[in-house]
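Chain by chain, the residues:
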Amino acid sequence: MENFRKVRSEEAPVGSGDEEGGPGSGPFADLAPGAVHMRVKEGSKIRNLLAFATASMAQPATRAIVFSGCGRATTKTVTCAEILRRRLAGLHQVTRLRYQSVRELWQSLPPEPTPGQKPGEPAASLSVLKNVPSLAILLSKDALDPRQPGYQPPNPHPGPSSQPTAPTSKRSLGEPAAGESSAKRSQPEPGAAEEEQTA
């Protein structure tokens, strides 16, 4: 594929018959109509996704949110869901893992001009269908069935971190840290090493 470049990548249509993005689509078919669906892409910014998700979940009408991503965006999907669970207490979680078909369109790079070649020849294209892992995480304010696969109960200890951290003291760059002595290490002078070798 060294002579080709990727032009675009798109999700292949699912043959389930449901409209893409409708309330019955995806791995969570029984979602309420007011649920927010966050599609996480490889280039999405986490702070932008979380700002929108936090504002959406702050509204009383919004009872659930779904983060979904495929391929290289799966780690970012997990990160968004975990951060939101720590920010908002009492969210129930269900995780679904599946495979999704992605169609990539590749186009050949223009060859080096050779004598006698016509300049207007069209570039060859190549279509590749790949199955990539896809992850969907449902976070709900309402209780979910704990017997379904992938269920996680709400965090018992909400907050930014579950581990208490030791207090840190602010110090300037020139001051020693607590427990360090203020005495400087004695460094031998450059000429002293030469005298020891000759002696």
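Residues numbered from 1 in each chain as written. Predicted model: local features only at pLDDT ≥ 70, side-chain atom pairs only at ≥ 80, totals over all residues. Heavy atoms only, no water.

The protein chain is annotated in an unreviewed UniProt entry as Ribonuclease P protein subunit p25 of Bos mutus grunniens. If you open the UniProt record of the protein chain and go to Subcellular location (unreviewed entry), you find "Nucleus, Nucleolus". Recorded in UniProt for the protein chain, the comment headed Sequence similarities (unreviewed entry) runs: "Belongs to the histone-like Alba family." (UniProt positions renumbered as here; feature names shortened; annotations may be inferred.)

> Could you give an account of the overall build of the protein chain, naming the residues involved and the relevant values?
On a plain count of helices and strands, the protein chain comes out with 3 helices and 6 strands. Listed N to C, the secondary structure of the protein chain is β-β-α-β-α-β-β-β-α in terms of helices and strands. Per-residue burial for the protein chain yields a buried fraction of 23% across its 199 residues. Counting contacts in the protein chain only where the partners sit at least 6 residues apart, residues at least 24 apart contribute 81% of the total. A total accessible area of about 14700 Å² is found for the protein chain, and carbon and sulfur atoms account for 53% of it. (Helix = DSSP H or I, 4+ residues; strand = E, 2+ residues; numbered from the N terminus. Buried < 20%, exposed > 50% of the residue type's maximum accessible area, 1.4 Å probe, protein only. Contact = heavy atoms within 4.5 Å. Areas by Shrake-Rupley, 256 points an atom, 1.4 Å probe, with all protein chains shown as cover.)

> So what about the environment of glycine 150? Which residues, and what values?
Along the polypeptide, glycine 150 turns up in the loop between β5 (125–140) and β6 (151–152). With near-sequence residues (within four places) excluded, glycine 150 lies in contact with Gln93, Val94 and Thr95.

> Any chance you could break down the pattern of salt bridges for me, citing the residues and the numbers?
Enumeration over the complete set of coordinates arrives at 6 salt bridges. Salt-bridge contacts for glutamate 104 lead to lysine 6; the nearest nitrogen and oxygen are separated by 3.5 Å. Note that glutamate 104 is positioned in strand β4 (residues 92–108) and lysine 6 in strand β1 (residues 4–11), a separation of 98 residues in sequence. Under the relative-accessibility criterion, lysine 6 is labelled partly exposed at 43%. Arginine 147 is the partner of aspartate 145 in a salt bridge, and the nearest nitrogen-oxygen pair spans 3.2 Å. Of the residues examined, aspartate 145 reaches a relative accessible area of 35% and is grouped as partly exposed. Salt bridges sharing common partners tie together Lys6, Glu104 and Lys130. (Salt bridge = Lys/Arg side-chain N within 4 Å of Asp/Glu carboxyl O.)

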